[in-house]
Amino acid sequence: MKVRLPDGSELEVSEGSCVRDVAEAIGPRLARAALVGRVDGELVDLSQEVAPGSTVEIITEGSPEALEILRHSAAHVMAAAVKRLYGEDVSFAIGPAIDGGFYYDFDLDHSFTPEDLEKIEEEMSRLVAAGVPFRRSELDRDEALGRMKSDGQQYKVELLEEIDSDPVTLYELGGFTDLCRGPHIPDSSRVPAFKLTSVAGSYWRGDSSKKMLQRVYGTAFFSQKDLAEHLRLIEEARKRDHRRLGIELGLFSFHEEGPGFPFFHPKGMIVLNEILDYWRHVHRREGYLETRTPILLREDLWHRSGHWEHYRDNMYFTDIDDQGYAVKPMNCPGNMLIYKASQHSYRDFPLKMGELGLVHRHELSGVLHGLLRVRSFVQDDAHIFCLPDQLSGEVASVIDLCFEMYGRFGLDDVRVELSTRPDRSIGSDTQWQDATKALENALADRNVDYQVSPGEGAFYGPKIDFHIRDCLKRSWQCGTIQADLSMPERFDLEYTDSDGQRKRPVTIHRTVLGSLERFLGLLIEHYGGALPFWLAPVQAVVVPVTDEVMDYARDVYAKLRDAGFRVELDDRSETVGNKIRQAEVLKVPRMLVVGRREAGEGTVSVREHSMGDAGPAPLSEVLGRFSALVGE
RNA sequence: GCUGCUGUAGCUCAGUCGGUAGAGCGCGUCCUUGGUAAGGACGAGGUCAUGGGUUCAAAUCCCAUCAGCAGCUCCA
C-alpha cells in the first residue's frame, strides 16, 4: 500500500503498517527520533496503524507540538510514580500540559511536602530509566466506567460520564491506567529532562464549592540543557519582580496594617505623577474633560446602579449619621450623576468625561499580589457618551489611544481579548448584538489581532480587554473598553436629538492603564527597575571625586535642578567607586562624575546606567541631552 | 475565601538535640580625599509576627489568629 508524505511524495509500505513502520521505511534515524505521528492531520501514537493513502507525518523533538506531547506524557509518568508511592487510595483528576510545563491533580489524604516531590522525582527517574512503554487500549465506555468505579476513581467516572465518544481510549504506564485521548511518546525513556517545581491546591473543575485537590506542577524538556536554561530564565525573571524592586528602589511598601493597600513613598509618587502628567496631556489632546467624584456615596445610589445586586461582595460599607454609605468600587455612578446634572444635546457628542478615581474593592485575601492586585487603586477611568452610530468610531479611537500610550511606555507585548455576553446579564439580544458588532468592527477597522472569550463580558455589556504580562508570564488586564448597556437605563440618561426628541445615549466605559498601581508594577517588571529617563525618580547623580571640587559639584547639581531635572548630589565621604556602585544599584540613568579636570574645564564626565563611562561633555551640552531624553 | 508553605535587626538570611540571638548589606560617628560597580575602624539596632498551651526551660514543640508566598477561584 502507499502512504503520502508531507512533501507530497508517496511511499510504499506493507499492508498493516503502523506509524513507526512508516518512519522506519523513511529512515532508521527518523524512526529513532520519532515521538508520535500525524496521520491525515491528527496526532496519533507510533503504534497506530495507518490506512492506505493517508498522509503521514513523523513528529520528532524538533516539531513545534513535540514539547506539549512530551509534557503531557511526563504528567502520566508523574501520576504513575505517585500511584506507586502512595498506593491505591489516591484519586486521579486531570493532568494536562500547560504553558511551560505540566501538572497533575491528585486527591489523597496525605499532603505533599517538598520532600515528597523529591521522592516522586526519584520514582519518576526510575520509570524513565526503565523505559516503561505507554500501552494504548480501547474500551467500551460503559466498561471503562465500570472499571473506574470499581477502582474508586470518582473523578475519572465523572469525566467518563460526560464523554460522548464510545469506545474511549485508555493509556497504561507502569501500573497506572488513565483515561486519555493521547497521543503519547512510545515509552518513558523519552522523557530525558524533567523537574517537579511546586505543589499547590486547586479545586476540582476550578469550582470553589468542590473539593480541593493537590496539584503538582512540573516541567519537562528534551535535554538537560534546555531544562537548565528554563530554570535560569525563571530565576532571572524573579529578579525583575516588582515587589522586590519596589522595596529596593524605595518606591512603595506594604504593611500588615493595610493588607492590599499600597503605601507610595516619595520616589514612587514621582513616577506615578510623571505617568499622570503624560495621561492628562494625551487625554486633553483627545478632548477628554476631567472630573472627580466622591469616594463615599450613599448606599441607595449603589442599589440604583446595580452594584448592590452584582458587586456587593467586593464593596466596603459604612454608616454615617445613621445612613448607609458605600466606598466606591467603580467611578461610573458618580459620573452618571454629573451627566444628569445638566442637559445634553446630540451636538455635545461624543462627550468624554475622564476621572482618575480612587476605588476600593474587597478582593479575596488570597489573590492580593504586590501592586498587580490590590484593594485600592486609581483607575484611569472615562465615560464616553455618544450616539449609537458613533459607538464603533469611538471604540476605535480608544483602541488607538491604548496602543499609543502603551507604546510611549515601551510596552509592546499586549494581548487583546473580546469578551461576549455572559449567562447572567441584562439588556436585550439586539442590544448585545449591536454592541458586540460595534466592538468587532472597531477591532477589524484597526487591524487588531484578538481572541474571543465567550461569555466573559461584564453583566452590563461586551468588552475589549488589553492584557500585559508580568515577569513570570502571568497576564494582567490593563485597558478595557466596555459598552455599557445598563447605566443609561438605570440612570435614565437623555439627550436631545436633532429632531427635538429626548433619546437615550450610548455609553462606553473605558480605562487605558487600568489601574495606576498595576501599571506601575508592570512597568517596573518590564524595565527590571531601570525606568527610562523621563520616568526615573532620580534622573542623575552628581558624583564629586574629592571634597576639593564640592563647590563645583554643588554648582552642577543646582544648574540641573534649576533646569527641572531630578538630580541628587552624592556628597558622602566615600570613594568614587562606591558612589558609582550605589547609583548603579539604584538604577539611576545617568551619573555625572566631577573632579579636578571637569571643574577646570566646566564639564562633567557622563556615565550611563549599566553602559559605563560615556566620556566628558560640557555641562550645557548635558542639559541639552537630558532635555532630549525627556522628550523621547 | 480555599489548599500548602513561610514569618528572626530597615533589607537578605544563619540559628544543630528545647538551655534567653548571629552574619552580610544598610544606618550613625570618626579616620580616609579616593577618577567610573563595595576604603577602614568603632557603634547603635531584635517583645524571634501576635495570643495561648506543653515544659524546670520555647526563636525552636503544639493550637489559634494575623500577614506574606505559590496555586485555585476572581478581577483593573
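Before reading on, note that the structure itself is shown above.
Residues numbered from 1 in each chain as written. Chains lettered and ligands numbered in written order. Predicted model: local features only at pLDDT ≥ 70, side-chain atom pairs only at ≥ 80, totals over all residues. Heavy atoms only, no water.

Participant: When you look at the pattern of salt bridges in this model, what are you seeing that I'm missing?
Facilitator: Between side chains of opposite charge, a pair can form when the charged atoms approach closely. Under the criterion given, the structure shown has 46 salt bridges. One salt bridge in this structure joins Arg243 and Asp241, with 2.6 Å as the shortest N-O distance. You can call Arg243 partly exposed: its relative accessible area is 33%. Under the relative-accessibility criterion, Asp241 is labelled buried at 11%. The closest approach of N and O atoms between Arg421 and Asp429, which form a salt bridge, is 2.8 Å. Each of the salt bridges in this network shares a partner with another, and the network as a whole consists of Glu229, Arg232, Glu236 and Lys239. (Salt bridge = Lys/Arg side-chain N within 4 Å of Asp/Glu carboxyl O. Buried < 20%, exposed > 50% of the residue type's maximum accessible area, 1.4 Å probe, protein only.)

Participant: How should I be thinking about a nonpolar patch on the surface in this particular structure?
Facilitator: Together, Ile295, Leu296 and Ile320 give the surface a local cluster of nonpolar side chains, amounting to about 200 Å² of exposed area. With respect to the helices and strands, Ile320 occurs in strand β18 (residues 316-320). Here Ile320 falls in the partly exposed class, since its relative accessible area comes to 32%. (Patch = residues over 30% accessible without salt bridge, like charges linked within 9 Å, V, L, I, M, F, W, Y side chains within 5 Å. Areas by Shrake-Rupley, 256 points an atom, 1.4 Å probe, with all protein chains shown as cover. Helix = DSSP H or I, 4+ residues; strand = E, 2+ residues; numbered from the N terminus.)

Participant: Would you explain the packing of aromatic side chains in this entry?
Facilitator: The geometry of an aromatic ring pair is captured by the separation of the ring centres together with the interplanar angle, meaning the angle of the planes. Counted according to the given criterion, the structure contains 26 aromatic pairs. When the centroid spacing of 5.8 Å and the interplanar angle of 70° are considered together, the rings of Tyr278 and Trp534 count as edge-to-face. Linking Tyr278 in helix α9 (residues 266-285) with Trp534 in the loop between α16 (516-526) and β29 (540-544), this pair joins segments that are 256 residues apart in sequence. Across this residue pair, the class does not change: Tyr278 and Trp534 are buried. Seen from their ring centres, Phe403 and Phe466 are 5.7 Å apart, and the 75° between their planes marks the pair as edge-to-face. Within this pair, whereas Phe403 is found in helix α13 (residues 391-408), its partner Phe466 is found in strand β24 (residues 463-469), the two being separated by 63 residues in sequence. A relative accessible area of 36% means that Phe403 is categorised as partly exposed. Site record: aromatic cluster; members linked through ring pairs are Tyr278, Phe403, Tyr406, Phe409, Phe466, Phe519 and Trp534. The ring of Phe221 is capped by Arg71, whose NZ or CZ atom sits 4.7 Å from the centre of that ring. (Phe/Tyr/Trp six-rings, centres within 6.5 Å; stacked < 30°, edge-to-face > 60°. Lys NZ or Arg CZ within 6 Å of the ring centre and 35° of its normal.)

Participant: Help me out: how do you make sense of the sheet that holds strand β19 (residues 323-327) in this one?
Facilitator: Strands pair in a sheet through their backbones, by hydrogen bonds, and they do so in one of two ways: parallel or antiparallel. Across the sheet, three strands lie side by side as β17-β19-β18; this open sheet has antiparallel pairing. The two strands at the open ends of the sheet, each matched to only one other strand, are β17 (296-298) and β18. Neighbour-to-neighbour, the strand axes of the sheet open up by a mean angle of 40°, direction not taken into account. Judged from the five bridges that link them, β18 and β19 form a sheet pairing that is antiparallel. The partner of Asp319 across the bridge, within β19, is Gly324. (Pairing = 2+ DSSP bridges. Axes fitted to C-alpha atoms, helices over the stretch in contact; angles between N-to-C directions.)

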